[in-house]
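Spelled out, the chains give:
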Amino acid sequence: MITDDARALLETGAICDSCLGRPFAARSFGLTNDERGRALRTTIALDDDEDYDPVPPADCWVCEGYCGTFDAIAETIVDALETVEFDTYQVGSRVPPLVEENERLLREDAGLEPDVGESLKREVNREVGIRIGDMTETDVDFDRPDVLAIVDLEGFDPFEALDSESVTSHAVDVQVNPAFVYGRYRKLERDIPQTEWPCRECGGSGIQLADTGEEPCDYCGGSGYLYDTSVEQVVRPHVVDAMDGDEGTFHGAGREDVDARMLEGGRPFVLEVKRPSTREVDVAALEREINEAAAGAVEVDGLRLATYDMVERVKEHDASKQYRADVEFADPVEEGDFEAALEELTGATVEQDTPQRVDHRRAALTRERTVYEMGGELLEPTQAEVTIHGEGGLYVKELVSSDDGRTVPSLAGVLETDAEVTALDVLSVEGEEEPFELEAYFRDEPRDDGERASVDA
């Protein structure tokens, strides 16, 4: 019977109610271990007609006082999070090895299975967590909390904590997990990379060594970057400042060439903010601030507060792209031949070796990609505007030029003349099977038409 097991536990020495109740944690859902232990102690006192004699945590040989410090631990954690805005949390703990050994001996001396009930570690996590939730009106999240607090029980003296009703902050390690803002960007000017591009000559330092000492790098003019700005450099500072974070990382759904514009629907991205103090920001105002500062070179649209999972979605979600390209031919092309070539390439499966222009930084592979649709207009015998809707990962410039036969079939190959893309615009980046913007990946409510401009698919 349960009272027989409880008597055996009490015979091991002075144990507090929490330690008495913990081996029976699987019994009677809705009770704390402290309540279970108190009920068992009361039942045994009544059955034996003896005085009820509770044991305070300070006198418990098992937890050595730690079960009386839950309130103090929770208050210390809440104090450490005073300047941090969060909706979800999780608590973890490190229990001293000697206390873990006491737990094992308690069950062994009472003749119980070594893993019966639950551990002190689990009780600390739960009880401290409940108190944090009550004090901050936030919710526990075991998957991806906004904040994670780890308490090291060896980091403070439990007896001092019981006397002072406080725990030193050195025993608590608070981890603030990143916050995420999703949106789409349009790049309205050419020669702007998606992410910052450090100078390869000076390694981003902006400095070179000369006979007279350090001088500004000749290659980048001392800026440390090959380009004056990037989409990342336009977006990141504003989002990081709005969330009062330490730093930010830009994640894009693929990228376009530096000399290509990103127009119309824009390209999905997520800005990850490290150690944010604020998570609930006015994304409509933030959007306006970014666009005003970018002065027409870059625009963002549809900013929303996103979940951690949105990073993977943006980076891994299968997407098709639509392009518009200005093409120049080496020889005059007939209208009929041009239209026939576009029709032949529509629906074609293209084999592409890694393009020569990127083979220094990408693995040498042969990829198969589908051209969903190809259209266009022959403007002059040697000039055309071509539109392409293709599978994600399709190298568009090489689809036009053939890249010295490394892409088959190609527009140049079908027309039997050299062809070159002289200007390229990306018009659309959309999910193959479903859109990027599913509500499950957002933390906020959808913005109404008055707060944002629509993003055309």
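Residues numbered from 1 in each chain as written. Predicted model: local features only at pLDDT ≥ 70, side-chain atom pairs only at ≥ 80, totals over all residues. Heavy atoms only, no water.

Asker: Could you clarify how one ought to interpret the overall build of the chain in this entry?
Answerer: Secondary structure summary: the chain contains 13 helices and 16 strands in total. Against the globule reference of 23 Å for 457 residues, the chain gives a C-alpha radius of gyration of 32 Å, more extended than a compact globule. Expressed as a percentage of the 457 residues in the chain, the buried residues total 46%. When contacts within the chain are restricted to residue pairs at least 6 apart in sequence, long-range pairs at least 24 apart make up 76% of them. By element, 43% of the accessible surface of the chain is carried by carbon and sulfur atoms, the whole surface being about 23000 Å². Here the chain carries 42 positive and 110 negative side-chain charges, and the mean point of each set is 1 Å from the other. (Helix = DSSP H or I, 4+ residues; strand = E, 2+ residues; numbered from the N terminus. Rg over C-alpha atoms; globule rule 2.2 N^0.38 Å. Buried < 20%, exposed > 50% of the residue type's maximum accessible area, 1.4 Å probe, protein only. Contact = heavy atoms within 4.5 Å. Areas by Shrake-Rupley, 256 points an atom, 1.4 Å probe, with all protein chains shown as cover. Lys, Arg positive; Asp, Glu negative; His and termini not counted. Charge placed at Lys NZ, Arg CZ, Asp CG, Glu CD.)

Asker: How should I be thinking about the nonpolar core in this particular structure?
Answerer: Burial of nonpolar side chains together is a common tendency in soluble globular proteins. By size, the foremost hydrophobic cluster in this structure holds 65 residues, and its most contacted members are Phe329, Met374, Val386, Ile388 and Leu411. Aside from chain neighbours lying at most four places away, what touches methionine 374 is Leu342, Leu345, Thr346, Val386, Thr387, Ile388, Leu399 and Leu411. Ala8, Val91, Leu106 and Ala161 belong to the second-largest nonpolar core, a separate cluster that totals 46 residues. (Core = buried A, V, L, I, M, F, W, Y, C linked by side-chain atoms within 4.5 Å.)

Asker: Would you explain the environment of lysine 274 in this entry?
Answerer: With respect to the helices and strands, lysine 274 occurs in strand β9 (residues 261-274). Placed 44 residues apart in sequence, lysine 274 and aspartate 318 show a C-alpha to C-alpha distance of 27 Å. Ignoring any residue separated from it by four or fewer positions in sequence, one finds lysine 274 in contact with Pro178, Gly245, Asp246, Glu247 and Thr249.

Asker: I keep staring at a negative patch on the surface and nothing clicks. Help me out?
Answerer: Negative charge collects at one region of the surface, where Asp143, Asp309, Glu312, Glu316, Asp318 and Glu433 lie side by side. Here glutamate 316 lies in helix α10 (residues 309-316). Its relative accessible area of 55% is what places glutamate 316 among the exposed residues. (Patch = residues over 30% accessible without salt bridge, like charges linked within 9 Å, V, L, I, M, F, W, Y side chains within 5 Å. Salt bridge = Lys/Arg side-chain N within 4 Å of Asp/Glu carboxyl O.)

Asker: Please clarify how the packing of aromatic side chains should be interpreted in this entry.
Answerer: Aromatic rings considered in pairs are described by the distance between their centres and by the relative angle of their planes. Going through the model one piece at a time under the given rule, you end up with seven aromatic pairs. Both rings, one in phenylalanine 250 and one in phenylalanine 269, keep their centres 5.2 Å apart while their planes meet at 10°; by these two values the pair is stacked. Linking phenylalanine 250 in strand β8 (residues 247-252) with phenylalanine 269 in strand β9, this pair joins segments that are 19 residues apart in sequence. Neither phenylalanine 250 nor phenylalanine 269 differs from the other in exposure class; each is buried. (Phe/Tyr/Trp six-rings, centres within 6.5 Å; stacked < 30°, edge-to-face > 60°.)

Asker: It is not clear to me how the pairing of strand β6 (residues 207-210) should be interpreted in this structure. Could you clarify?
Answerer: A regular strand places its side chains so that they alternate between the two faces of the sheet. Bridge count for β6 against strand β7 (residues 213-216) is four bridges, and the pairing is antiparallel. Among the inter-strand pairings, isoleucine 207 is bridged to a residue of β7, identified as proline 216. Counting the residues that bridge the hairpin from β6 to β7 gives two residues. (Pairing = 2+ DSSP bridges.)

Asker: How do you make sense of the pattern of salt bridges when you look at a structure like this?
Answerer: One side chain can pair with another of opposite charge once the charged atoms of both are near each other. The final tally for this structure, using the stated rule, is 38 salt bridges. Of the charged contacts, one joins aspartate 444 and arginine 304 as a salt bridge, the two residues approaching to 3.0 Å between their closest N and O atoms. Highlighted residues: aspartate 444 in the segment after β16 (419-431) and arginine 304 in strand β10 (residues 298-306), separated in sequence by 140 residues. Residues aspartate 444 and arginine 304 agree in their burial class; the two are buried.

Asker: So what exactly am I meant to see when it comes to the side chain of threonine 195 here?
Answerer: On the secondary structure map, threonine 195 appears in the loop between β5 (179-187) and β6. In terms of polar contacts, threonine 195 uses its side chain to reach the side chain of arginine 255, at 3.4 Å. Ignoring sequence-local partners within four residues, the contact set of threonine 195 consists of Ser230, Glu232, Phe250 and Arg255. (Polar contact = N/O pair within 3.5 Å; in protein donor to acceptor, adjacent residues only side chain to side chain.)

Asker: Got a minute to help me understand the pairing of strand β4 (residues 172-176) in this structure?
Answerer: The alternating pattern of β4 places Val172, Val174 and Val176 on a buried face and Asp173 and Gln175 on a face that is not buried. Inspection of the sheet shows strand β3 (residues 147-152) paired to β4 by five bridges, in the antiparallel sense. Bridge pairing links leucine 148 to glutamine 175 in β4.

Asker: Would you take a moment to explain the environment of glutamate 312 for this structure?
Answerer: By the secondary structure assignment, glutamate 312 is in helix α10. By relative accessible area, glutamate 312 is classed as exposed at 55%. In sequence terms glutamate 312 and valine 270 are 42 residues apart; their C-alpha atoms lie 9.6 Å from each other.

Asker: Looking at this structure, I do not really get the side chain of threonine 3. What am I missing?
Answerer: Its location among the elements puts threonine 3 in helix α1 (residues 2-10). Excluding residues that lie within four positions of it along the chain, threonine 3 makes contacts with Thr43 and Ile44.

Asker: Can you help me understand the state of the cysteines in this one?
Answerer: Each disulfide consists of one covalent bond between the sulfur atoms belonging to two cysteines. Under the criterion given, the structure shown has zero disulfides. With no disulfide of its own, cysteine 16 has cysteine 19 as its nearest cysteine by sulfur position, at a separation of 3.7 Å. For cysteine 16, a relative accessible area of 2% gives the class buried. Cysteine 199 provides the cysteine sulfur closest to cysteine 202, a residue in no disulfide bond, and the two sulfurs are 3.7 Å apart. Judged by relative accessible area, cysteine 202 falls into the buried class, the value being 13%. (Disulfide = S-S within 2.5 Å.)

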